[in-house]
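What follows is each chain in one-letter form.
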Amino acid sequence: MRKWGFLIVFTLPLLLSLTGCSGQSGQTSATGGTAVQGKSRLDTVKSRGKLICGVSGELPGFSFVDKEGNYKGLDVEVCRAIASAIFDNPDAVEFRNLNAKERFTALQTGEIDVLSRNTSWTISRDTSVGLEFAPVVFYDGQGIMVKKDSGIKTLNDLKDKAICTQTGTTNEQNLADQMRKRGIPYKPVVFEDINTAYATYAQGRCQAVTSDRSQLLSRKTTLPQPQNHVILNEVLSKEPLAPAVTNGDSRWFDVVKWSIYALINAEELGINSKNLASFEKSNDPDIKRFLGKEGNLGEGLGLTNDFAVRIVKHVGNYGEVYNRYLGPGTPFNLPRGQNNLWNKGGLLYSPPFR
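Okay, so let's go over this structure. All figures in this text were calculated on a predicted structure; none of them were measured in a lab.

### Here's the deal with the environment of Lys72
- Here Lys72 is to be found in strand 6 (residues 71-72).
- Expressed as a C-alpha distance, the spacing of Lys72 and Arg324, which sit 252 residues apart in the sequence, is 9.7 Å.
- Residues in contact with Lys72, not counting those within four places in the same chain, are Phe62, Ser63, Phe64, Asp66 and Tyr325.
- At 3.1 Å, the side chain of Lys72 forms a polar contact with the side chain of Asp66.

Here is the structure:
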């Protein structure tokens, strides 16, 4: 008995030390196992000297290429904000055009660092697909576009009609769910390429086309006679559009996440690209922390403490970005609605910078 007692006393500290070492060198993975801490994507991006960002590249207002060959749009500005936070240079970004089928594979294989491509946040994508979604940058819903002279006013009017959409998207699934729920038979016409879907609709081979309402509004402006098309009032789904990174890299996820929150929080504080300098001497502790003049919030992210200043200086706040591409004076003239700040009746909300 004394012999067993000696072995227990001798081996217990050894087991505890091994357990302690294991806890220090690893982190719990999404599946509950222990993953060894390694190099973060943040380190890779820094050493490369640029961010690689996956976008659509074909969606006016969100990500498109202008006549001078420059990428523009809300999704593009998210990428530029992240690059500004890291490099103090919004142009330190390489954009990769990806269709709906390619986008997740490009992220999973490491071809891109972040996906900023009008992608809906869903539970399956957040779990089984292995994505980590950053804050929502645009609250949307699925709609249906038809020709004005079609006589189609509601979903019921689409009985036995052909409806174009893109395969591999939530739009295809949502349409099937809504029509089944209502008992409305229809003819789905699906394409891998969204351009083909809209071209087929424009040619009259489909009586309707369905996608996120923001995309329908955007694509409507590119049709030969935009005024001849209308978007039905019925909304088929919730579509929270958010950038995404891969699971298992909290350092990189934090940088992407708080770069977006910086856009939102700047608008909450009333700070924009034009009045930024006037806040330099502010005594407001919230503003001082946001500007990096008090505390070490940036260092905690692996960035400089003025990372938010860099973002506002180069990109602006969320409201500026929205108005630049979707608001008054644009072809869309889209009211903020749900995409307004929480204190103005919208859903945009940033956790405290403290």
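Moving on from the model shown.
### Notes on the pattern of salt bridges
- For the coordinates displayed, the defined rule picks out 19 salt bridges.
- Taking the shortest distance from any N to any O, the salt bridge between Asp113 and Arg48 comes out at 2.7 Å. Of the two residues, Asp113 is situated in the loop between helix 4 (103-108) and strand 8 (114-115) and Arg48 in helix 2 (residues 41-48); the sequence distance between them amounts to 65 residues.
- What you see here is one network of salt bridges that share partners, running through Lys50, Glu94, Arg96 and Glu111.

### Focus: the state of the cysteines
- In this structure the tally under the stated criterion is 2 disulfides.
- Covalently, Cys53 is tied to Cys79 through a disulfide, its sulfur atoms 1.9 Å apart. Its torsion about the S-S bond being -45 degrees, the disulfide of Cys53 and Cys79 is classed as left-handed. Here Cys53 is found in strand 3 (residues 51-55), whereas its partner Cys79 is found in helix 3 (residues 74-87), with 26 residues between them in sequence. As far as the burial class goes, Cys53 and Cys79 line up, both buried.
- The disulfide bridge from Cys164 ends at Cys206, spanning 2.0 Å between sulfur atoms.

### Concerning the sheet that holds strand 11 (residues 142-147)
- Spatial strand order, 13-12-14-11-15: 5 strands in an open sheet with mixed pairing. The open sheet is flanked by strand 13 (187-191) and strand 15 (229-231), the only strands paired with a single partner. Direction aside, the axes of adjacent strands within the sheet are offset by 30 degrees on average.
- As judged from the 3 bridges shared by strand 11 and strand 15, these two strands associate in the antiparallel manner. Following the sheet pairing, Val146 is matched in strand 15 by Val230.
- Sitting on the sheet, helix 8 (residues 213-220) is in contact with strand 11, strand 14 (208-212) and strand 15, with an inclination near 125 degrees to strand 14.

### Some points on the nonpolar core
- Formed by 59 residues in total, the largest nonpolar core has its most connected members in Leu51, Trp252 and Phe290.
- Counting only elements with at least two residues in this core, the list comes to helix 2, strand 3, helix 3, strand 7 (93-97), helix 9 (250-269), helix 10 (285-290), helix 12 (307-314) and helix 13 (318-325).
- Ignoring anything within four residues of it in the chain, the contact list for Phe290 reads Ala262, Asn265, Ala266, Leu269, Ile271, Ala308, Val312 and Phe353.
- Ranked by size, the runner-up nonpolar core spans 13 residues in total, among them Ile152, Leu158, Ile163 and Ala208.

### Details of helix 13
- Within helix 13, 6 of the 8 residues are buried, which leaves the element mostly enclosed by the surrounding structure.
- When we look at burial in helix 13, the residues that qualify are Tyr318, Gly319, Glu320, Val321, Tyr322 and Tyr325.
- Packed against the buried residues of helix 13 are strand 5 (63-65), strand 6, helix 3, strand 10 (138-140) and helix 9.
- Its side-chain oxygen placed 3.0 Å from the backbone nitrogen of Gly319, Asn317 serves as the N-cap of helix 13.

### Observations regarding the pairing of strand 11
- By the criterion of burial, strand 11 is predominantly enclosed, with 5 of the 6 residues buried.
- In terms of strand pairing, strand 11 meets strand 14 through 5 bridges, oriented antiparallel. Counted as the bridge partner of Gly143 is Ser211 from strand 14.

### Things to note about the packing of aromatic side chains
- Per the counting criterion, the structure on display carries 11 aromatic pairs.
- Ring geometry for Phe290 versus Phe353: centroids 5.1 Å apart, planes at 65 degrees, classification edge-to-face. Taken as a pair, Phe290 in helix 10 and Phe353 in the segment after helix 13 lie far apart in primary sequence, 63 residues in all.
- Residue classification places Phe290 among the buried positions, given a relative accessible area of 1%.
- Every member of this aromatic cluster is reached through a ring pair, and the members are Trp258, Tyr261, Phe290, Phe307 and Phe353.

### Details of the pairing of strand 13
- The sheet contact formed by strand 12 (residues 162-166) and strand 13 spans 5 bridges and is parallel. Bridge pairing in strand 13 places Cys164 opposite Val189.
- Assessed by its sense of winding, the connection that carries the chain from strand 12 through helix 6 (residues 170-182) to strand 13 is right-handed.

### Regarding the environment of Phe307
- Locating Phe307 in the fold gives a position in helix 12.
- The buried category is assigned to Phe307, whose relative accessible area is 3%.
- Look past the residues within four positions of Phe307 in its chain and what remains in contact with it is Ala85, Trp258, Ala262, Gly298, Leu301 and Phe353.

Thresholds applied
Counting restarts for each chain: residues are numbered from 1 in the order of the written sequence. For this predicted model, a pLDDT threshold of at least 70 governs which residues receive local features, and a threshold of 80 or more governs which side-chain atom pairs are given and counted, while totals over whole chains, interfaces and linings are taken from all residues. Side-chain measures were taken over the full set of non-hydrogen atoms in the model, leaving aside hydrogen atoms and water. By the criteria applied, helices consist of DSSP H or I runs no shorter than four residues and strands consist of E runs no shorter than two, each listed in order from the N terminus. The contact rule is simple, with two residues in contact once any of their heavy atoms fall within 4.5 Å. Any pair of N or O atoms that falls within 3.5 Å is considered a polar contact. Within protein, one atom must be able to donate a hydrogen and the other to accept it, and sequence-neighbouring residues count only if both atoms are side-chain atoms. What counts as a salt bridge is simple: a side-chain nitrogen of Lys or Arg found within 4 Å of a carboxyl oxygen of Asp or Glu. When the sulfur atoms of two cysteines come within 2.5 Å, that pair is taken as a disulfide. For each residue, the accessible area found with a 1.4 Å probe, counting protein chains only, is set against the maximum for its type, and the residue is called buried under 20%, exposed over 50%, and partly exposed in between. In this description, strands pair whenever DSSP reports at least two bridges between them. In this analysis, axes come from line fits to C-alpha atoms, helices being fitted only over the stretch in contact, and the angle between any two N-to-C directions falls in the range 0 to 180 degrees. Here, nonpolar core refers to any group of buried Ala, Val, Leu, Ile, Met, Phe, Trp, Tyr and Cys residues whose side-chain atoms link them within 4.5 Å. Only the six-membered ring of Trp is used, alongside the rings of Phe and Tyr, when aromatic pairs are assigned; centres must lie within 6.5 Å, and planes under 30 degrees apart are stacked while those over 60 apart are edge-to-face, with the rest tilted. With strands facing away from the observer, any crossover in which the path from the first strand over the helix to the second runs clockwise is taken as right-handed.

The quantities given are spatial measurements derived from coordinates; they are silent on function.
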